[in-house]
Amino acid sequence: MSRLKLLIISIVILGGLIFPVLFVSAGTSITPEHSKVKQGESVDLIFNFSYSTAEKGRWMCVTGFTIYEGEKEINRYGDKRESCKKGSYLCMNKEDITFSLPTDNLKVGVHTFSVKIYVENRTPGMGQPYWVKQFGDECYFIDTASFSVEVLAAAKKPEKKTEEEEKSVLEPRLEKLPPKKDFKERISKTKNIERKLFWEKLKEIVLGEEAPKIGQEKTAYMFIQPYLTDFELFSLSGEMAKWDKYFKDLGYKVTWLEWNTESLKRAFTDPNIGAFDYYGHNGLDTEGSWLSKRIFKLFRRTPAIFGNDADNLRNLIFNYKCEEYEKTMSLEEARRKAQQDIECLGLDFANIHACYSANNDSLMEFFVKTSGTFRGHRGPYHGFWPLNTIKTKE
Amino acid sequence: MNMTIKNKILIWLGVSIIVIVIIVTTVIWVNGRTFRLVYETISQELEAEEIDFTKIKKKGDTIIIIYNQPIDFEMEDILSTWAYIMASAVKNIPDTINKIVVKCNFENGEKVEAEAEVEDIISFVKEEISTESFLEKINITPLTEGPKI
């Protein structure tokens, strides 16, 4: 019985001595050897190096270690000799090194890692605060160790939508409704509202090809007929916004004016006028009996702007131009020059947002130069829709 | 009394139809009740601002609100009315709705639709975006020809 006890005790003691030698790398231990973490979390490992000194004053200095999974390098620590100089603890072998291994890129399952440890031989320098390298330049491999990690599936993060949904259940998207007057107050502060309202369908309908950008400074004069009702103005706002953008995109300076003597004078005596755009009624009516009016409306339907057909417009603009020229030349010369000008104003573009403006070419002949673009409306024009006719002067 | 197979099938068919009808009716009733509550709240809020609200419809992720608009208005009036209707809808509708369409029936017979994304409406009401940029984000679509010019 006593022999058996002795045998058991011997086996236990011997096993205790042999086991670490067989299964643990000499000089290096990693704690914990096996750990479980959720994916995305990191594993905290303690590396303990217990290399003995080779001789007095000479130390094994751990310069770094590299972690492998199979042949693939997963991570590394230190490994540069410069770090030895600054981190004396690496050489002292007194402190453990704590290393955090991220698991973001590891798949769920058990992973076994091997570690290769690199060292240098060093000796304390004379009065120097760090360890001085003694032998050779290269760090060299001295030992191996291993550890394993079981990566568990991470708890599913709540999706963004779910968060939003939860939030919206708790908090309504709008807690309170401001009174309408608040909105009106804010909108009233917006200048030129009608030119900010692009109308979705109108955006797509720009008659004709995009014109090339102009190289020189030119102005597009945009005229709005006075006395338009609010509803008429509202109905035209989509077209206004579209053409405002169109001319600005082409490089024109865009000037909006109300149709009156002063503004006409300003626009048509400006040598930089390049485009003319009108929003308002045709305004041309005729006096006479009920029957003659009906006949006129049926058959003539002359293109006109606020009651002025092409001839009337010529006369108006002739006067403005004469006045302007007279400032620098004789009356006769001014009249001759003005007469020349009003044959054709020579604009690049003319858009007439009025009924019947493209029923014939009279307005096109007056406004645009050869190869210039004229847009108008054949038949009655309704404010919500774009112009239906485009012509290039030949 | 012996039941033939034919009779048994007919009875089962009848019972199944009754069950299906009950389920469908319940679902419609529950949905309708939710929708009626939304309708009533929006209706009250619009009437409080003297907006002549006529109908509210749901189409996919869009709510369409129809109202009558007098034509003697200024531009600020109509835009503030649209903004108010949109804000009222966003406040009361379920979260699954992403777009609000205001269908504006003018008293002269003209019709226009104004459409905006819920996110843009919220940003405008909370003053996170400027009035200008909100106006530019509203898509306006004419449904009729418009007045003769």
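Before reading further, recall that the structure is shown in the block above.
What about the overall build of chain A?
Looking only at helices and strands, chain A features 12 helices and 15 strands. Residue burial in chain A is summarised as follows: out of 394 residues, 29% are buried. When contacts within chain A are restricted to residue pairs at least 6 apart in sequence, those whose partners lie at least 24 apart make up 69%.

Focus on the interface of chain B and chain A
The partner chain A presents 41 residues to the 36 residues of chain B that form the contact. Here the side of chain B that touches chain A takes 13 residues from helix H2 (residues 75-92) of chain B, the largest share from any one element. Looking at the side of chain B that touches chain A residue by residue, the class counts come to 16 nonpolar, 8 polar and 12 charged.

Quick look at the sheet that holds strand S2 (residues 62-69) of chain B
Across a sheet, paired strands are connected by hydrogen bonds in the backbone, their directions being either parallel or antiparallel. Residue and element names in this part refer to chain B. Taken in spatial order, the 5 strands make up an open sheet running S1-S2-S3-S4-S5, and their pairing is mixed. Looking at the sheet topology across the chains shown, the edges are occupied by strand S1 (52-59) and strand S5 (139-142). Direction aside, the axes of adjacent strands within the sheet are offset by 20° on average. Packing against the sheet, H2 makes contact with S2, strand S3 (99-106) and strand S4 (111-117), and its axis sits at approximately 140° to S3.

Thoughts on the sheet that holds strand S14 (residues 368-376) of chain A
Residues and elements named next belong to chain A. In spatial order, the strands read S11-S10-S12-S13-S14-S15; together these 6 strands make up an open sheet with mixed pairing. Each edge of the open sheet carries a strand with a single partner, namely strand S11 (253-258) and strand S15 (389-392). Put simply, the sheet's adjacent strands are angled 15° from each other on average, direction ignored. When strand S10 (residues 219-224) meets strand S12 (residues 273-279), the two strands line up parallel, connected through 6 bridges.

Conventions used here
Along each chain, the written sequence defines residue order, and numbers are assigned to residues from 1. Key to labels: chains lettered from A, ligands numbered from 1, both in the order written. Local features in this predicted model are restricted to residues of pLDDT 70 or higher, and side-chain atom pairs are both shown and tallied only at a pLDDT of 80 or more, whereas totals for entire chains, interfaces and linings draw on every residue. Numbering goes from the N terminus for both helices and strands, where a helix is a DSSP run of H or I of at least four residues and a strand is a run of E of at least two. Each residue is classified by how many other C-beta atoms fall within 10 Å of its C-beta atom, where C-beta atoms are placed from the backbone; a count of 20 or more means buried, 12 or fewer means exposed, and values in between mean partly exposed. Contact between two residues is assigned whenever their backbone-derived C-beta positions fall within 7 Å. Put simply, Ala, Val, Leu, Ile, Met, Phe, Trp, Tyr, Cys and Pro go in the nonpolar bin, Asp, Glu, Lys and Arg in the charged bin, and everything else, Gly too, in the polar bin. Here, a strand pair is defined by DSSP locating no fewer than two bridges between the strands. Fitted lines through C-alpha atoms give the axes, limited to the stretch in contact for helices. The angle between two N-to-C directions lies from 0 to 180 degrees.

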